[in-house]
Amino acid sequence: MSWAESLPIVFLGLMGVAMLAYVVLDGYDLGVGLLLHRATDAEKDTMIASIGPFWDANETWLVLGVGILLIAFPKAHGMVLTALYLPVALMLVGLILRGVAFDFRAKAHDEHKPLWNFAFFAGSGLAAASQGWMLGRYITGFAPGWEYTLFAAVIALLLPAAYVLLGAGWLIMKTDGALQKRAVRWAKLAWPPLVLGMGLISVATPWVSETVRAKWFALPAFIALMPIPLATLVALAGVRWVLDSPRVLGRWCWAPFAGTVAVFVLGAVGLAYSLFPYVVMDRLTIWQAASAPESLAVILIGCAVTVPAIVGYTVFSYRVFWGKAQPLSYG
């Protein structure tokens with residue numbers, strides 16, 4: 001394969017990693033936002049404190065992923081955003097509402113704080129549901145028909161539940177006491193919808209695409225692919241088992257979050273295997289959608305500077321703010 005032919009693969013990999021990082025990193029703080037209405041006032045402050053140093057930077061990965069899609073795959077960018085214009089707009093409204101609420105609640109008087117708490121919860125729900133709708137439409141190749149619209153609506157409800165499990169796992173890891181125990185209960189409630197969502201996506205993807213069916217069920221590809229669903233089942237069962245163990249409140253507090261992240265990673269690997277070499281299912285390959293090789297070479301130089309900077313800052317911030325979250329104090 002020539003250099004010009006391999007560049008689109010490199011950018012597809014970068015875009016995939018960026019979107020996966022966004023889903024995991026911003027997913028847990030969206031999940032914390034969705035759980036905010038279930039907590040007491042004191043617990044709300046601790047929950048916000050647990051994501052405070054990270055949540056804004058987590059969204060950088062979304063900017064990186066969408067930026068790569070726009071610059072490296074402009075044809076795909078036009079096709080995807082044309083089909084998803086409304087949910088993308090709603091997602092941005094939700095993210096903006098979260099940002100405003102996060103800053104305003106820190107300075108609001110006591111009588112106004114419930115309003116901003118609700119705004120943070122509503123913004124988290126709107127962003128998460130919009131992302132679920134986009135995922136449901138994307139993996140079905142934007143196919144027309146009521147059944148595909150219904151499928152997208154179901155995923156729009158189930159993805160927030162997956163974020164809730166991720167957020168509850170984060171709270172189990174970052175808090176202690178009564179809030180940690182409540183987070184375990186929240187995680188148990190969110191576990192079944194995650195299993196249902198993974199199952200629906202696994203059924204829908206080969207159903208709508210003959211290409212995926214051929215990849216999944218033809219030998220020897222079927223045997224080579226089996227470790228992915230098996231590992232996913234093991235991770236899901238492991239998360240549930242740990243949640244039922246008393247050690248989850250102690251030395252194993254990290255395990256539910258790590259297991260849920262593993263499920264997301266395995267799901268992303270399976271989706272990437274199913275889609276490749278398409279950017280839009282059965283409609284547009286990466287080579288058809290890619291910019292000119294000369295343009296990609298210039299963009300690669302920018303990515304060689306930008307991506308390590310984002311990774312370095314992310315690692316640094318998580319290292320600095322490692323450990324249990326402390327309640328907020330307002331000046």
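Residues numbered from 1 in each chain as written. Predicted model: local features only at pLDDT ≥ 70, side-chain atom pairs only at ≥ 80, totals over all residues. Heavy atoms only, no water.

Visitor: Please set out the overall build of the protein chain residue by residue, giving values where relevant.
Guide: Of regular secondary structure, the protein chain possesses 15 helices and two strands. Taking 331 residues into account, the globule formula puts the C-alpha radius of gyration at 20 Å, and the protein chain, at 20 Å, falls close to it. For the protein chain, the C-alpha atoms occupy an extent of roughly 60 × 40 × 40 Å along the three principal directions. Just so you have it, the protein chain exposes about 15,800 Å², and 73% of that area is on carbon and sulfur atoms. Each charge class in the protein chain can be summarised by its mean position, and for the 21 positive and 17 negative side chains these summaries are 8 Å apart. (Helix = DSSP H or I, 4+ residues; strand = E, 2+ residues; numbered from the N terminus. Rg over C-alpha atoms; globule rule 2.2 N^0.38 Å. Areas by Shrake-Rupley, 256 points an atom, 1.4 Å probe, with all protein chains shown as cover. Lys, Arg positive; Asp, Glu negative; His and termini not counted. Charge placed at Lys NZ, Arg CZ, Asp CG, Glu CD.)

Visitor: Describe helix H9 (residues 177-208), with residues and values.
Guide: Its 32 residues give H9 an end-to-end C-alpha distance of 47 Å, which sits within 8% of 46 Å, the value for a rise of 1.5 Å per residue. If you look at H9, its biggest bend is around 30 degrees, right at Ala190, and the proline Pro192 turns up within four residues after that. (Expected span 1.5 Å × (residues − 1). Bend = angle between axes of the 7 residues up to and from the residue.)

Visitor: So, the environment of Ala153: which residues are in play, and what are the values?
Guide: As for its placement among the helices and strands, Ala153 is situated in helix H8 (residues 146-174). In this structure the C-alpha to C-alpha distance between Ala153 and Ser130, which are 23 residues apart in sequence, comes to 9.5 Å.

Visitor: So what about unusual backbone geometry? Which residues, and what values?
Guide: Cis geometry marks the peptide bond from Phe276 to Pro277; its omega dihedral reads 10 degrees. Structurally, Pro277 can be placed in the loop between helix H13 (255-275) and strand E1 (278-280). Positive phi, close to 60 degrees, is recorded for Phe142, a residue that is not glycine. When its relative accessible area of 9% is taken as the criterion, Phe142 is described as buried. (Buried < 20%, exposed > 50% of the residue type's maximum accessible area, 1.4 Å probe, protein only.)

Visitor: Describe empty space enclosed by the protein, naming the residues involved and giving the relevant values.
Guide: The final tally for this structure, using the stated rule, is one cavity of 30 Å³ or more. For the largest cavity, the calculated volume is near 30 Å³. Around the largest cavity, the lining residues are Pro53, Phe54, Ala57, Asn58, Tyr313, Thr314, Ser317 and Tyr318. Looking at the lining of the largest cavity, the elements that each hand over two or more residues are helix H3 (55-58) and helix H15 (293-320). Looking at which element gives the most residues to the lining of the largest cavity, the answer is H15, with four residues. Looking at the lining of the largest cavity residue by residue, the classes come out as five nonpolar, three polar and no charged. (1 Å grid on protein atoms, 1.4 Å probe; cavity = no way out; pocket = protein on both sides within 12 Å on 5 of 7 lines; lining within 4 Å. Points joined across faces, edges and corners; volume = space filled by probe spheres on them. Nonpolar A, V, L, I, M, F, W, Y, C, P; charged D, E, K, R; others polar.)

Visitor: Before we move on, can you summarise the environment of Leu157 with the specific residues and values?
Guide: Residue placement: Leu157 occurs in helix H8. The exposure class assigned to Leu157 is exposed, which follows from its relative accessible area of 66%.

Visitor: Hey, could you go over the layout of surface pockets for me, with residue numbers and the actual values?
Guide: Reported here for the second largest pocket is a volume of approximately 240 Å³. Along the walls of the second largest pocket sit Leu25, Tyr28, Phe54, Trp170, Met173, Lys174, Phe257, Tyr318, Phe321, Trp322, Gly323 and Lys324, which together make up its complete lining. Those elements that provide at least two residues to the lining of the second largest pocket are helix H1 (3-35) and H8. Examining the composition of the lining of the second largest pocket, we find that three residues originate from one element, H8, more than from any other. Classifying every residue of the lining of the second largest pocket gives nine nonpolar, one polar and two charged.

Visitor: Account for the pattern of salt bridges, naming residues and giving values.
Guide: Taken as a whole, this structure holds six salt bridges when the rule is applied. With a closest N to O distance of 3.4 Å, Lys188 and Asp244 form a salt bridge. Of this pair, Lys188 sits in helix H9 while Asp244 sits in the loop between helix H12 (227-243) and H13, and the two are 56 residues apart along the sequence. With a relative accessible area of 45%, Asp244 lands in the partly exposed category. Here the salt bridges share partners, and the residues they tie into one network are Asp26, Asp29 and Arg98. (Salt bridge = Lys/Arg side-chain N within 4 Å of Asp/Glu carboxyl O.)

Visitor: Describe the environment of Leu200, naming the residues involved and giving the relevant values.
Guide: Tracing the backbone shows Leu200 in helix H9. The class for Leu200 is partly exposed, based on a relative accessible area of 28%. In this structure the C-alpha to C-alpha distance between Leu200 and Gly136, which are 64 residues apart in sequence, comes to 9.8 Å.

Visitor: Just give me the short version of the nonpolar core, but keep the residues and values in it.
Guide: Within the largest apolar cluster, 98 residues are counted, with the highest numbers of intra-cluster contacts made by Phe11, Tyr28, Met47, Phe73, Trp170 and Trp186. Here the element with the most residues in this core is H1; it accounts for 14 residues. (Core = buried A, V, L, I, M, F, W, Y, C linked by side-chain atoms within 4.5 Å.)

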